[in-house]
Amino acid sequence: MEKLLRYMPHFVFGVGIWTVANGLLHEVFVLLSPHAAHYDRNLLRLLVDGLVLLFCGTVLLFLFSGLKQKQKNATYIAIVCALFMLLYCALIWPFLKTWIMVLLHAFALGILFYSLTVKTKN
């Protein structure tokens, strides 16, 4: 388990990369789709979906050094991001089954909670 905690910042960083990549791909494909022909509520909603992914993923990327230094605030922020991504995935589940996103963020959430409960040697 000590090894798992040692690589936790790297895993969370990887989840951030995955989330940002999905957000970028989402934005590109929305803008290339027929939805982009007219600026309306549907296009705006689709673009905001991509921004949610980009924002949460970017936050996870910026938390890397804080997680490496075992800062509690960085861990709390990462927990909030993972929780919100799981909530987002639950909201879009009827339209899009995002299994990998759910599994990655659920595992990150588990590791982050575990890191708060374990006393590690510095």
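The structure contained in this document is the topic of the report that follows. (Residues numbered from 1 in each chain as written. Predicted model: local features only at pLDDT ≥ 70, side-chain atom pairs only at ≥ 80, totals over all residues. Heavy atoms only, no water.)

This part is about helix α3 (residues 41-62). End to end, α3 covers 31 Å across 22 residues, agreeing with the expected 32 Å (1.5 Å per residue, within 8%). On its buried face, α3 sits against α2 (8-32), α4 (64-68), α5 (72-92) and α6 (99-117). (Helix = DSSP H or I, 4+ residues; strand = E, 2+ residues; numbered from the N terminus. Expected span 1.5 Å × (residues − 1). Contact = heavy atoms within 4.5 Å.)

A word on the pattern of salt bridges. Once the charged atoms of two side chains with opposite charge are near each other, the side chains can pair. Across all of its chains, the model carries one salt bridge by this definition. Linking Arg45 and Asp49 is a salt bridge whose minimum nitrogen-to-oxygen distance equals 3.2 Å. A residue pair is termed a helical-turn pair when its members lie 3 or 4 positions apart in one helix, as Arg45 and Asp49 do in helix α3 at four residues. The class for Asp49 is buried, based on a relative accessible area of 14%. (Salt bridge = Lys/Arg side-chain N within 4 Å of Asp/Glu carboxyl O. Buried < 20%, exposed > 50% of the residue type's maximum accessible area, 1.4 Å probe, protein only.)

This paragraph deals with the packing of α2 against α6. Two numbers describe how α2 lies on α6: the axes approach to 10 Å, and their chain directions differ by 150°. Taken as axis vectors, α2 and α6 run roughly antiparallel relative to one another. Once α2 is placed against α6, the crossing between them reads as left-handed. Contact with α2, carried on its side by Met8, Phe11, Val12, Val15, Trp18, Thr19 and Asn22, involves Ile100, Met101, Leu104, His105, Phe107, Ala108, Ile111, Leu112 and Ser115 of α6 and no other residues of that element. Of the residues belonging to the contact of α2 with α6, the class tally is twelve nonpolar, four polar and no charged. (Axes fitted to C-alpha atoms, helices over the stretch in contact; angles between N-to-C directions. Parallel < 35°, antiparallel > 145°, perpendicular 65-115°, else oblique. Left-handed = near helix turned anticlockwise from the far one by under 90°. Nonpolar A, V, L, I, M, F, W, Y, C, P; charged D, E, K, R; others polar.)

Attention shifts here to the packing of aromatic side chains. For the structure on display, the rule yields three aromatic pairs. With centroids separated by 4.9 Å and ring planes inclined at 80°, the aromatic side chains of Trp93 and Trp99 adopt a geometry described as edge-to-face. (Phe/Tyr/Trp six-rings, centres within 6.5 Å; stacked < 30°, edge-to-face > 60°.)

Another point: the nonpolar core. In terms of nonpolar packing, the biggest core is built from 16 residues, with Met8, Val12, Leu60, Leu63, Leu67, Ala78 and Leu112 touching the most fellow members. Taken together, the elements giving at least two residues each to this core come down to α2, α3, α5 and α6. When residues in this core are grouped by element, the largest group, five residues, is from α5. Setting aside residues up to four positions removed in sequence, Val12 forms contacts with Leu60, Leu67 and Leu112. Leu53, Met85, Tyr88 and Cys89 belong to the second largest nonpolar core, which has seven residues in total. (Core = buried A, V, L, I, M, F, W, Y, C linked by side-chain atoms within 4.5 Å.)

Let us look at a nonpolar patch on the surface. Where nonpolar side chains cluster on the molecular surface, the patch consists of Trp18, Trp99, Ile100 and Leu103 and spans about 470 Å² of accessible area. For the nonpolar patch, the leading source of residues is α6, giving three residues. Inspection of the secondary structure assignment puts Trp18 in helix α2. (Patch = residues over 30% accessible without salt bridge, like charges linked within 9 Å, V, L, I, M, F, W, Y side chains within 5 Å. Areas by Shrake-Rupley, 256 points an atom, 1.4 Å probe, with all protein chains shown as cover.)

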